[in-house]
Amino acid sequence: MRAREPDHSDVIERAGVRIAYEVHGDGNMPTVLLAPTWSIVHSRIWKAQVPYLARSFRVITLDGRGNGRSDRPGGGHAYLDGEYADDIIAVMDATGTDRATLVALSMGAMWSVIVAARHPERVDGLFLIGPATGLDIPSPRREQMAWLAEVEAPEGWAKFSRNHWLSGGYDDFLQFFFSQMFSEPHSTKQIEDCIEWGKETAPETLVATVEGTARSAAVETEIEKRCSQVQCPVTVVHGSDDRIRPHAEGERLAALTGGSLLTVEGGGHGIPARDPVLTNRLIKRFVERTAPSESAPSSAWTRAPNRPKRVLYISSPIGLGHARRDLAITNALRRHHPDVQIDWLAQQPVTAMLDAAGERVHPGSAWLASESAHIDDECAEHDLHAFQAIRRMDEILVNNFMVFHDIVEAEHFDLVVGDEAWDVDYFLHENPELKRFAFAWMTDFVGWLPMPDGGKAEATLTADYNAEMIEQRARHRRLRDRSIFVGDPGDVVPDTFGPGLPGIRDWTEREFDFSGYITGFDPTDLGDRGALRDELGYRPDERICIVTVGGTGVGESLLRRILDAVPTVRRSLPDLSFVVVAGPRIDPDRLPQPEGTTIHPFVPQLHRHLAACDIAVVQGGLTTCMELTANRRPFIYVPLRNHFEQNFHVRHRLANYGAGRCLAYDELDPATLTTAIDEELDRVLDYRPVATDGASRAAGLLADLL
């Protein structure tokens with residue numbers, strides 16, 4: 001799922017070649033054109049920039065000829081530098097764009113310079129990243145490159161070879177090239193993306209682009225002449241560890257155009273993807289300077305003695321359990337600081353719960369891209385590969401961090417609380433200079449764990465993600481003012497983060513404070529169970545089975561399988577009635593409704609029904625399972641396939657409490673479900689008690705930061 005879909009997309013045809021483009025944002029704002037780069041990738045290379053920039057500017061992207069939705073003409077003559085430059089002008093014409101700021105990466109820098117030299121009246125500024133311009137700059141790392149050589153088993157830059165690409169070595173070259181493009185550690189996702197985009201063109205096409213570059217290669221004096229014709233402001237950004245184009249090339253280009261140079265120390269060639277927050281902030285600042293908007297926003301500043309205590313609370317939208325516990329924490333926090341003002345940065349379905357509770361949702365929340373919708377898109381039949389789903393949510397996380405960044409830059413907050421706000425925690429560690437508030441991080445699990453079916457490759461990836469997190473924490477010890485684990489030390493899995501990495505429980509005990517689990521309610525406040533059942537409309541002579549699958553759409557398959565089994569279960573247990581809660585993202589009208597079943601789209605205060613039921617069948621989410629544990633009710637839980645948190649972290653915690661019965665989805669047939677329900681109804685429960693003061697303990701840890 002994309003973080004933002006285009007407002008308009010189309011193709012133009014120029015000289016017999018179709019060029020695809022997209023337009024995002026308001027046509028009344030200054031235009032930013034994100035130029036194509038080498039045809040080894042297409043315009044999705046800008047996926048981390050488009051959603052953010054489109055909130056302030058009109059943004060145009062185009063797929064360079066040779067990849068994406070654009071044509072792949074044959075022959076090097078179709079890929080001359082001037083052809084790409086003319087494509088940019090043609091797209092500007094087609095979109096009614098008189099002027100634009102051109103932002104370019106690598107070879108796109110040369111084409112953007114050509115446009116600015118030929119059409120100075122149409123370019124407000126050039127923002128050029130890792131430029132590849134053809135300037136005569138030595139590149140020691142690429143000395144092995146021999147385009148026409150025939151090497152039997154090429155190594156290193158010898159893989160940049162026509163023969164190697166056309167004789168079955170193209171995928172090998174892609175792996176090598178992008179490992180050089182992203183020289184920074186922990187760049188697995190960026191490399192993976194670019195390899196997939198590289199496969200969207202053919203080696204024959206990429207050969208033609210190289211031959212086109214060779215045909216149009218200008219001598220150094222002609223390139224310098226073009227640079228001298230650039231009249232607009234220029235900023236060049238270049239990584240000190242760029243292994244594709246030497247840093248000296250960026251220095252030279254900045255000097256020739258009279259522009260400024262920003263060096264990213266330790267940065268590689270793919271800065272927009274690897275350091276998206278920095279890139280987005282730099283581009284926005286540059287455009288605001290070179291193409292200011294006609295209407296500047298008004299602002300205000302409040303003197304420190306007149307400022308109320310303010311908290312920005314970020315509650316994860318993936319499951320409603322976060323919102324329930326976060327509301328309990330904020331209610332307890334207000335007892336410490338009655339005058340505190342709490343703003344919530346949240347999205348559906350959490351916002352519905354916050355609205356019902358009378359909480360203030362920050363208006364900036366409207367700019368958040370939907371994480372829940374992404375999770376729904378990722379799921380199959382009772383199957384959600386949670387680790388890979390979060391990896392593929394990268395552009396959504398960048399977008400949502402930039403929303404957060406703009407809010408805290410424009411407004412003062414004393415404290416930011418992130419309940420599994422992965423974007424905020426990660427990008428603050430990557431950009432620690434942006435922290436200007438106390439920051440508390442909360443989570444109920446620590447450590448990415450591989451699923452067995454993922455084999456060695458997934459084990460390597462999860463270990464890499466864990467290693468990056470451990471390194472971030474060691475490097476920036478004081479970035480988090482509090483790290484709160486929602487649970488107790490025994491709830492942490494006893495696994496390791498990966499080969500050569502520490503044990504998860506030992507590391508977590510050193511790094512976190514423990515609040516105990518937070519249910520958001522005290523079971524003793526529910527009163528007599530018989531009176532509660534009567535209040536909720538359950539008859540004394542019926543037994544109630546609650547079926548619920550949480551706040552996302554991934555649980556529909558489980559609901560259908562249980563509903564299909566209801567007739568078989570009721571033949572053995574005729575006094576058992578089923579109350580099914582579909583949740584906010586599943587349409588109950590699409591579900592079958594066998595006799596003895598009532599289906600609800602949403603049930604406020606579901607924990608009260610869970611306390612009143614005789615048994616429950618649920619998905620493997622932590623919140624519902626722990627509510628049932630706290631209420632001391634028998635339950636069966638069915639973890640999502642490939643969901644590492646439900647299969648490892650949640651299952652370990654429930655075993656620690658002696659609670660619940662785990663069934664695999666693949667084994668969930670009517671007979672198995674009937675037997676399991678019958679046995680659990682008769683089970684003598686000996687669950688370990690669940691803490692009732694978790695919210696107060698967490699609030700106490702936060703109150704000190706105010």
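Residues numbered from 1 in each chain as written. Predicted model: local features only at pLDDT ≥ 70, side-chain atom pairs only at ≥ 80, totals over all residues. Heavy atoms only, no water.

K.L.:
Go over the overall build of the protein with me, naming the residues and quoting the values.
P.N.:
Looking only at helices and strands, one finds 25 helices and 21 strands in the protein. In terms of overall size, the protein behaves like a compact globule, its C-alpha atoms giving a radius of gyration of 29 Å where 706 residues would be expected to give roughly 27 Å. If one aligns the C-alpha atoms of the protein with their principal axes, the spans along those axes are about 90 × 65 × 50 Å. Classification of the 706 residues of the protein by burial places 60% in the buried group. Considering only contacts in the protein between residues 6 or more positions apart, those separated by 24 or more positions represent 74%. As presented, the protein carries roughly 27,300 Å² of accessible surface, and 48% of it is formed by carbon and sulfur atoms. Distance between charge centres in the protein, computed from 73 positive and 104 negative side chains, equals 3 Å. (Helix = DSSP H or I, 4+ residues; strand = E, 2+ residues; numbered from the N terminus. Rg over C-alpha atoms; globule rule 2.2 N^0.38 Å. Buried < 20%, exposed > 50% of the residue type's maximum accessible area, 1.4 Å probe, protein only. Contact = heavy atoms within 4.5 Å. Areas by Shrake-Rupley, 256 points an atom, 1.4 Å probe, with all protein chains shown as cover. Lys, Arg positive; Asp, Glu negative; His and termini not counted. Charge placed at Lys NZ, Arg CZ, Asp CG, Glu CD.)

K.L.:
Would you mind going over the sheet that holds strand β20 (residues 635–638) in detail, with residue names and values included?
P.N.:
Within the open sheet, the six strands sit side by side as β18-β17-β16-β19-β20-β21. Their pairing is parallel. Either end of the sheet is taken by a strand with one partner, and the two such strands are β18 (597–600) and β21 (661–662). Taken together, the six bridges between strand β16 (residues 543–548) and strand β17 (residues 576–581) define a ladder with parallel strand orientation. Bridge pairing links R543 to L576 in β17. Sheet strands touched by helix α20 (residues 556–572): β16, β17, β18, β19 (615–619) and β20. Its angle to β17, the strand with the most contacts, is close to 170°. (Pairing = 2+ DSSP bridges. Axes fitted to C-alpha atoms, helices over the stretch in contact; angles between N-to-C directions.)

K.L.:
Account for the side chain of R653, naming residues and giving values.
P.N.:
On the secondary structure map, R653 appears in helix α23 (residues 644–657). At a separation of 2.8 Å, a polar atom in the side chain of R653 contacts the main-chain carbonyl oxygen of D444. (Polar contact = N/O pair within 3.5 Å; in protein donor to acceptor, adjacent residues only side chain to side chain.)

K.L.:
Quick one: what's the story with helix α25 (residues 694–703), residue by residue and with numbers?
P.N.:
The buried fraction of α25 is high, at seven of ten residues. Restricting attention to buried positions, one finds in α25 the residues G694, A695, A698, A699, L701, L702 and A703.

K.L.:
Can you explain the side chain of T133? Please cite residues and give values.
P.N.:
Turning to its location among the elements, T133 is positioned in the loop between β6 (123–129) and α4 (162–181). In terms of polar contacts, T133 uses its side chain to reach the backbone amide nitrogen of L135, at 3.4 Å. Ignoring any residue separated from it by four or fewer positions in sequence, one finds T133 in contact with M110, I223, E249 and L253.

K.L.:
Would you mind going over the nonpolar core in detail, with residue names and values included?
P.N.:
Core analysis: the largest hydrophobic core is formed by 132 residues, its most contacted members being W38, L126, W165, F178 and F404. Broken down by element, the residue count for this core peaks at eight residues, all from α4. (Core = buried A, V, L, I, M, F, W, Y, C linked by side-chain atoms within 4.5 Å.)

K.L.:
Go over the packing of helix α11 (residues 321–336) against α25 with me, naming the residues and quoting the values.
P.N.:
Contact geometry for α11 and α25: axes closest at 8 Å, N-to-C directions at 55°. The pairing of α11 with α25 is recorded here as oblique in orientation. For the pair α11 and α25, the sense of crossing is right-handed. Across the interface between the two elements, A328, I329, A332, L333, R335 and H336 from α11 touch A695, S696, A698, A699, G700, L702 and A703 from α25. Split by residue class, the contact of α11 with α25 holds nine nonpolar, three polar and one charged. (Parallel < 35°, antiparallel > 145°, perpendicular 65-115°, else oblique. Left-handed = near helix turned anticlockwise from the far one by under 90°. Nonpolar A, V, L, I, M, F, W, Y, C, P; charged D, E, K, R; others polar.)

K.L.:
Give me the environment of L706: which residues, what numbers.
P.N.:
The residue L706 is located in the segment after α25 in this model. It is 8.2 Å that separates the C-alpha atoms of L706 and A438, two residues lying 268 residues apart in sequence. Once you skip the residues sitting within four places of it in the chain, L706 turns out to touch K309, R310, V311, L333, H337, V340, D414 and L415.

K.L.:
Describe the packing of aromatic side chains, naming the residues involved and giving the relevant values.
P.N.:
Applying the stated criterion to the full structure yields 36 aromatic pairs. A ring pair is formed by Y79 and Y84, whose centres lie 6.4 Å apart and whose planes are at 45°; its orientation type is tilted. In terms of burial, Y79 and Y84 fall into one category: buried. Seen from their ring centres, F401 and F427 are 5.5 Å apart, and the 45° between their planes marks the pair as tilted. Pair noted here: F401 is in helix α15 (residues 394–410) and F427 is in helix α16 (residues 422–430), with a separation of 26 residues, a long-range link. Just as F401 is buried, F427 falls in that class too. Among the aromatic residues, ring-to-ring pairing joins W38, W147, W157, F160, W165, Y170, F173, F176, F177 and F178 into one connected group. (Phe/Tyr/Trp six-rings, centres within 6.5 Å; stacked < 30°, edge-to-face > 60°.)

K.L.:
Tell me about the pairing of strand β12 (residues 415–419), and name the residues and values.
P.N.:
Regular strands place side chains that alternate from one sheet face to the opposite one. Burial analysis of β12 places five of its five residues in the buried class, which makes it a mostly covered element. Every second residue of β12 is oriented toward a common face, with L415, V417 and D419 on one face and V416 and G418 on the other, all of them buried. With five bridges joining them, strand β9 (residues 310–315) and β12 adopt parallel strand pairing. Looking across to β12, one finds that S315 is bridged to D419.

K.L.:
Give me unusual backbone geometry: which residues, what numbers.
P.N.:
Residues Q348 and P349 are joined by a peptide bond in cis, for which omega reads 0°. Along the chain, P349 turns up in the loop between β10 (341–345) and α12 (350–356). Phi is positive for R632, close to 55°, though the residue is something other than glycine. When you line up the elements, R632 lands in the loop between α22 (622–630) and β20. Assessed through its relative accessible area of 35%, R632 is described here as partly exposed. Of note in the backbone geometry, N642 takes a positive phi value of approximately 70° without being a glycine. The buried category is assigned to N642, whose relative accessible area is 18%.

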